[in-house]
Amino acid sequence: MSLSGSIQFHVNGKEYVVNNAQLGVSLNSWLRTSGRLTGTKVLCREGGCGACVVMVTKNHPGTSLTKTFSANSCLLPLLSVDGCRITTTEGLIEDGGTYNVIQERVAHFNATQCGYCTPGFVMTMHSLLQRNPNPTQAEIEEEFDGNLCRCTGYRPIFDAMKSFASDADPKLKKICQDIEDLKICRKVCEDKNDHCYKSCGRYEADGSHPLVRRPKQDAPPSPPKPLMFRSQIDDDAVVWIRPLTLTELTHRVKAFVMDGKTNIRYVVGNTSTGVYKKEGKFDVYIDSKEVKEFYAATDSDNTLTVGANVSLNDLIESCQTHSEDSEIFPVMAKHIKKVANTPVRNVASWTGNIMIKKLHPEFPSDIFTLFAAFNVKIVVYDCVTEEQADYSLTGDNNFMDLDLTGKVILACKIPKVTPSKDRKFKALSYKIMPRSQNSYAYVNAAFSASVTNGVIHNASISMGGINKDFVRATNTEKYLEGKNVNLELTLSGALEVLNDEVIPVSYSAVETSPEYRKSAALGLFYKFYLYLCDTLPANAVSAIETLERPVTSSTRTYDSDASMFPVTEPIPKLSAIKQASGEAKFISDFSNHTDELFATYVMAEYGNADIEDIDLSRAEKMPGFHSVITAADLPPEIRNTLTRPPMQPQPILADGHTNFAGEPVAIVLADSELHASEIAKAVVVTYKNIRHAVCDLAEAIDREMFYEEGDDLERGDTEKAYHDAKFKVTGRAKIGAQYHFYMEPQVSKAIPTEDGFELKMATQWQYMVQQNCAYILGYDVNRVNLRTGRVGGAYGGKGTASWLSGAIPIVSSYITGRPVRFTATLEQCMETFGRRSEYIMDYKIGVDSDGLLQSIEVDYYANCGRFLTQAEYWKGAIARFSDSGYFCPNWKLSGKNVRTNMPGTAACRGPQATQSSMFMEMVLEHVAKVVKQDPMVIKQKNLYKSGQVDLSGATLTNFKLRDISQTLLTNAGAAARQKEVDTFNKENKFKKKGLGFAPIKVVIAWDSFCFGSQVSIFASDGTVILTTGAVDVGQGVSTKLIQVAAHILGIPMDLIRVSETTNIMAPNSGPSAGSITSEMCAKGVLECCKMMKTRIDAATEKLQLSSDISWKEKVEKCFYEGVDLTAHYWVYPTESVAKRYSVCGAALSEVEMDILTGEYALKRVDMIYDCGKSVNPEIDVGQAEGAFMFGVGYYTTEKLIFNPENGQLLTHNTWEYKPPASKDIPTEWNITFLKNEEEENTSLSSKAVGEPPLLLSSSVVFAIKRCVESFRNDGTYFAIDMPASVDNVQQLCKVKISDYKI
Ligand SMILES: Cc1cc2nc3c(=O)[nH]c(=O)nc-3n(C[C@H](O)[C@H](O)[C@H](O)COP(=O)(O)OP(=O)(O)OC[C@H]3O[C@@H](n4cnc5c(N)ncnc54)[C@H](O)[C@@H]3O)c2cc1C
Ligand code: FES
Ligand code: FES
């Protein structure tokens, strides 16, 4: 809705005036569309990913001083940035084009892969350095709690950023020095009249880099002015005001209330819209940020009064400033640091947080839990009666019961509590989260009590996440009053009372189980109780503490071969600087066509129902509406299917019946993305014959919902071997699904051309999209041309899933005759586009007396969803992956692809291998328990030896997995550390440590894909363009191809460029997947360059050119000699081309676990991986790290939970779905690449790395398992169902109330 009035602000030093701004437009959306500043990215639009972070400079209304901070531009309403100065990553580039030092370091430290997250990291760092030019390493690591990166595993990002630290590691400083020394002049050298590729010191005109660059000279932030906007359509429909004083605000509110406009929304940080998105619309929006009185802070002897608008980060600062005044301030400061993330806390007010709790009592608010425990009062002003009153959060006069109509929160009053000589006052708080940071609490708690001569008084116990009415454990508080803290009886009695009064309720399937929350609540109370006691049993002391995550460190060890440079040279990714500076263009960054339409779609609400009606009556009247396309609207010549025969047809749009929740029901076309999304919400779909949507794999197995029988795979005689086996091990293993979480959403744009369509899209598999789109339209394939530049992460999720993101715009464009752009929301990506398949494996294992595997029988069940996009269980894949690194003489594998009401699966990083390898690790763990041997020993015993034939039928020659494992365990000091772990575990009852070991073998196959490559040299200047079927999804293939071409042609890399991928230049190419694209395309480029070199050498000889001649001259002469300067090579897995080889690796992970909460910290990871002769070890180490953390997320934190009624995915955003954050990485991380070895079955001896290291992360799960075992100490075997989340593993500990002792 447009509002009349204008706002003014600066972006990167330039002033903008926006008239008639639209309600609902965020700063992000303005920057990316009207501002044409696409360096700032967007994904979640809820403050959860950090892709959109910008720096804001404004006058602080409380102090009038200029304040600079990072903020999520996706949550900032454009209307609220009036008067602000905004800096985006583009704004850091100096006049004259010099990159900012942060951008440079990000590039040189190789801290970017796909680059979609990178500008957000750069801006977070820049904002930090503006605020604090000398941060410590710890402060820097803390700052990135709001930035997610799915590619890198964070380590190189941390390194780049920590190089700015006042206490930076000398190694990092040395790299920075090297960066300065390495600066290369990009100009044409006057002396040589040719490109200069050496360091000549002329790169920087001023020869130095100030560490912290200030943004360009910019006008100071404008003084705030009152604003008033009304909707243009109906003068009174919506009002947005920005008062500057409390008097103005209260007068206005009074007038609105008198006018009957009671539906008022105050806008402070506006971050609550990232949590509860469906609130509103309101009659009046009051941007109350500029009201000076809302920032007042008064400090009296016994109270600290804090204004309503004080941000969470400012509240932390206040608490720290006054930490000497009260025992509770340090506790509050520490806890609030765990709320949300830095950019959110910079703008979010404590009031907004308390208000979320008031409006949604089930919200596990951290601020509410703290305030309720520490008796904070809320000061409320009634604008109508003009009276002010204090309210408490518990008991009588309760703020939660107050009708806030016409009222406004002014401040809170935090009472100070100071201990006296004989009265100890103690306070503590805890927050249990699914990952280390940036998450709401599963359970939170805050406690305080006084202890006088061992007697407890005034205990306060507040907890969140229990149920919507639970605030304080008043019965337990009463029970404790006057009791002797040092008596066992007091503790057991209190636990009994607490056990009765803590009654967790689940309001949604995403919540952790009531059993877990009850156990966690009791555990947290026990921690606090221990804190109160005068003396403690030694083994319980550590239970009090929360797990610490110290500053991370790492080592990387690899070789390179100077004779092959730049091949094997560890150079940074060549496009890294563009990614850091925001110059890199992703599909959604390209300008709009003037007549472009924006598409989105309406998702099916029910996973198995008939569609009764699609009502457009409201949608059609909305601003920007163009049209809605349903299955019934498709012209007869369009086929409503995403796939060509013989594949199972899969509708583009649900036709009368829904197959899974999230299925597209209607395409909405509008004049902007915002309008399209608003209109889609107004389309009303009604359903009939609603049936149960089966999403649970076990249920589908029971109901025998199978696709066609899969193939069986048999080796040897399992029946006999099992019969003869000394030990028989049977069980069921469950391994869940995973969402890819690519940071760039599905995005595509169809442009009608004279004879067909151009389709610009982020896809890994152009060929299949082209075929399918042509089939849908009934076109010849040559009428559909795909173009893909860079892709912002894919991990398999932009392969088969791209069929839909191609179909939506092309069908819309066909029908409307206009260019159509489609960008999926995060929710759509997660609900519609498929995910890694979930597996269940039933196993029967025979083992001899020594623990050696004799027979393995497995029934695999894979959840394939409603459409068999790709069979999960098929003989080829199972044969390649099922054995992982383990030998067994007899195998019988059979499997079923199971049908459920879910989208078809989309291959995800290491498909099938990931589940199979984890499964084998689980089996070996089970075997170890049954034969009563150490799993590390059992695993090593059963590894393949050279000469043995693996399950895929390959004879393993020079097979190194045993050596790798042994070397890893020796170098990592496994034996000594195990002793330390054992000692630690003996000495600590509720903190446990564990070492987990995982060796892996993966068969890499070239024989399923094919790629075209073309190398062309331009005669006029000798520059070279490479075109292949590979898509750079962040894996660095473009850089590697340039390295290969430079090596073979013998020219500098600066002369070579890789073009975008198109199916005109590289038709019929396979998907960029399976870890082998880089190798196969390197082979293609290698052969092209060899051809080219042969031709050029022949011409050189014929023309008798001098050896001094420059490359440019030589090429020109060849051209005039008639040499064809273009070469093409088709890599197809014929006999002459490499086919298959194995990669191996091993990892040892150490974790520390808090038994009472289930949280764990990854203390140390050591990995060895065989990458062959890596073409670029820095890029490949990055791949290995990224893959490892991808696996850590898969196996431990990422949960896909469905609504059991309608099959809707409930964990469909960053609020609920938790890929690892930066503090989840190992505190110490050591990676070694096996020394360079020749490998004849690959190109240039390099080996695949994109996927296999993911499998090494199963070691983390087994380290956690060791911790659980150590606590249980009962010798029994138990399975860990994946993900091994905080709540799941805590429940496995089976903690009993009787375990709590003092
Ligand atoms: C990514 C993310 C992660 C988060 N993680 C956590 C977490 O870990 N723990 C946690 O507890 N919370 C978390 N939150 C919630 C966060 O703390 C709140 O969104 C934030 O504090 C709200 O403050 P705000 O200023 O942005 O409020 P706004 O969104 O501006 O306003 C919120 C509500 O407060 C009302 N309001 C504002 N001022 C007044 C006033 N003076 N008088 C009366 N009503 C008023 C508004 O009308 C509105 O209803 C998270 C939020 C996000 C986006
Ligand atoms: S897009 Fe703003 S935080 Fe994700
Ligand atoms: S580089 Fe961070 S998400 Fe790709």
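Small disclaimer: the values here were computed from a predicted structure and weren't measured. (Residues numbered from 1 in each chain as written. Chains lettered and ligands numbered in written order. Predicted model: local features only at pLDDT ≥ 70, side-chain atom pairs only at ≥ 80, totals over all residues. Heavy atoms only, no water.)

Caption draft 1: A look at the site of ligand 1. The full set close to ligand 1 counts 33 residues, and T271, S272, S349, D366 and K431 are the nearest of them. A340 places a polar main-chain atom, nitrogen or oxygen, 3.1 Å from an oxygen atom of ligand 1. D366 places a polar side-chain atom, nitrogen or oxygen, 2.7 Å from a nitrogen atom of ligand 1. Here ligand 1 has 980 Å² of accessible area as a free molecule, and 98% of this is covered by the chains. Breaking the shell around ligand 1 down by element, the ones donating at least two residues are β11 (264-267), α11 (350-359) and β17 (407-415). Counting residues per element, the shell around ligand 1 draws most heavily on α11, which supplies 6 residues. A class-by-class count of the residues in the shell around ligand 1 yields 17 nonpolar, 12 polar and 4 charged. (Near = heavy atom within 4 Å. Polar contact = N/O pair within 3.5 Å; in protein donor to acceptor, adjacent residues only side chain to side chain. Areas by Shrake-Rupley, 256 points an atom, 1.4 Å probe, with all protein chains shown as cover. Helix = DSSP H or I, 4+ residues; strand = E, 2+ residues; numbered from the N terminus. Nonpolar A, V, L, I, M, F, W, Y, C, P; charged D, E, K, R; others polar.)

Caption draft 2: Region of the structure containing unusual backbone geometry. The linkage connecting F565 with the following residue, P566, adopts the cis geometry, with an omega of 5°. Looking at the secondary structure, you find P566 in the loop between β21 (553-557) and α16 (576-581). Cis peptide bonds are those with omega within 30 degrees of zero, and the linkage from M1282 to P1283 qualifies with 0°. Summarising the element assignment, P1283 is placed in the loop between α32 (1258-1272) and α33 (1286-1293). Its identity as a non-glycine residue notwithstanding, N958 has a phi of 45°, on the positive side.

Caption draft 3: The environment of G307, seen in detail. Inspection of the secondary structure puts G307 in strand β14 (residues 303-307). The spatial distance from the C-alpha of G307 to the C-alpha of L37 is 35 Å, given a sequence separation of 270 residues. Non-local contacts of G307, meaning those with residues more than four positions away in its chain, are made with F294, Y295, A296, W350, L410 and A411. (Contact = heavy atoms within 4.5 Å.)

Caption draft 4: The arrangement of the packing of helix α29 (residues 1077-1103) against helix α30 (residues 1111-1120) in detail. Running from N to C, α29 and α30 point in directions that differ by 85°, and their axes come no closer than 10 Å. When the interaxial angle is binned, α29 and α30 end up roughly perpendicular. Side by side, α29 and α30 meet where I1096, A1099, T1100 and L1103 of the first sit next to W1111, K1114, K1117 and C1118 of the second. For the contact of α29 with α30, the class distribution of residues is 5 nonpolar, 1 polar and 2 charged. (Axes fitted to C-alpha atoms, helices over the stretch in contact; angles between N-to-C directions. Parallel < 35°, antiparallel > 145°, perpendicular 65-115°, else oblique.)

Caption draft 5: Region of the structure containing the pairing of strand β10 (residues 239-242). A two-sided burial pattern is seen for β10, the buried positions comprising V239 and I241 on one face and W240 and R242 on the other. Bridge analysis of strand β9 (residues 227-231) against β10 gives 4 bridges, and the strand direction is antiparallel. Bridging across to β10, R230 finds its partner in V239. Relative to strand β12 (residues 284-287), β10 is paired through 3 bridges, and the arrangement is parallel. Bridge pairing in β12 links I241 to I286. (Buried < 20%, exposed > 50% of the residue type's maximum accessible area, 1.4 Å probe, protein only. Pairing = 2+ DSSP bridges.)

Caption draft 6: Broad picture of the confidence of the model for the chain. Averaged over all residues, the pLDDT of the chain equals 93, while 96% of them reach at least 70. Across residues 184-215, where pLDDT falls below 50, the model places 58 contacts with residues more than four positions away in sequence or in other chains. (pLDDT = per-residue confidence, 0-100.)

Caption draft 7: Local environment of the sheet that holds strand β40 (residues 1024-1028). The 4 strands are arranged β41-β40-β39-β43 in an open sheet whose pairing can be described as mixed. In the strand order of this sheet, the two ends are held by β41 (1056-1058) and β43 (1126-1131), each with one partner. Geometrically, the sheet is characterised by an average inter-axis angle of 15° between neighbouring strands, direction not taken into account. The pairing of strand β39 (residues 1011-1017) with β43 spans 6 bridges and is antiparallel. If you follow S1013 over to β43, its bridge partner there is Y1129. Running over the sheet, helix α28 (residues 1037-1049) touches β40 and β41 and is turned about 145° from β41. Of the strands in this sheet, β39, β40 and β43 touch α29, which is tilted by about 145° from β43.

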